[in-house]
Amino acid sequence: MLPLLVVQNSFAQDDDYYDWTESATIDINTSGIGTNGNELNDFPLLIRINGGNQPSADFWNEADANGIDIRFALTSNTSVHFRYGIEEWNTVNEEAYIGVK
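Let us look at the structure shown here. As the structure is a prediction and not an experimental result, all values here were calculated from the model. (Residues numbered from 1 in each chain as written. Predicted model: local features only at pLDDT ≥ 70, side-chain atom pairs only at ≥ 80, totals over all residues. Heavy atoms only, no water.)

## With respect to the overall build of the protein chain
From N to C terminus, the protein chain includes one helix and six strands. Residues counted as buried form 29% of the 101 residues belonging to the protein chain. Intrachain contacts of the protein chain at a sequence separation of at least 6 include 55% that bridge at least 24 residues. Counting every atom, the protein chain has about 6,500 Å² of accessible surface; 45% of that belongs to carbon and sulfur. (Helix = DSSP H or I, 4+ residues; strand = E, 2+ residues; numbered from the N terminus. Buried < 20%, exposed > 50% of the residue type's maximum accessible area, 1.4 Å probe, protein only. Contact = heavy atoms within 4.5 Å. Areas by Shrake-Rupley, 256 points an atom, 1.4 Å probe, with all protein chains shown as cover.)

## Some words on the sheet that holds strand 6 (residues 95–100)
The three strands lie next to each other as 3-6-5, forming an open sheet whose pairing is antiparallel. In this open sheet, the two strands that pair with only one neighbour each are strand 3 (45–49) and strand 5 (84–90). In this sheet, adjacent strand axes meet at a mean angle of 15° when their direction is disregarded. (Pairing = 2+ DSSP bridges. Axes fitted to C-alpha atoms, helices over the stretch in contact; angles between N-to-C directions.)

## Considering the nonpolar core
Within the largest apolar cluster, 11 residues are counted, these being Ile47, Ile49, Phe59, Trp60, Ala63, Ile70, Phe72, Trp89, Ala96, Ile98 and Val100. Among the secondary structure elements, those contributing two or more residues to this core are strand 3, helix 1 (59–62), strand 4 (70–74) and strand 6. Ranked by residues supplied to this core, first place goes to strand 6 with three residues. (Core = buried A, V, L, I, M, F, W, Y, C linked by side-chain atoms within 4.5 Å.)

Below, the structure written as structure tokens:
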């Protein structure tokens, strides 16, 4: 499992997300995809956020209206950031699709 950290805050210029006020951990289970215990490197990952798995109870009200304050980092070293692209951010239906690499 690779623990990934989702953070949100209005201060996007921070280099280390350790001090950000809101965060959640995403555990990525790779046991069922045929990696045979090998690491996945440079692998694109689709993160789906909806009412059933949102990082916090008030996520859609806390996050920026278009999701620009979302960030992804390692939980073990919050200064290691992941590139990401928001494919869809829908506050009405409370759904987001974010590609992380």
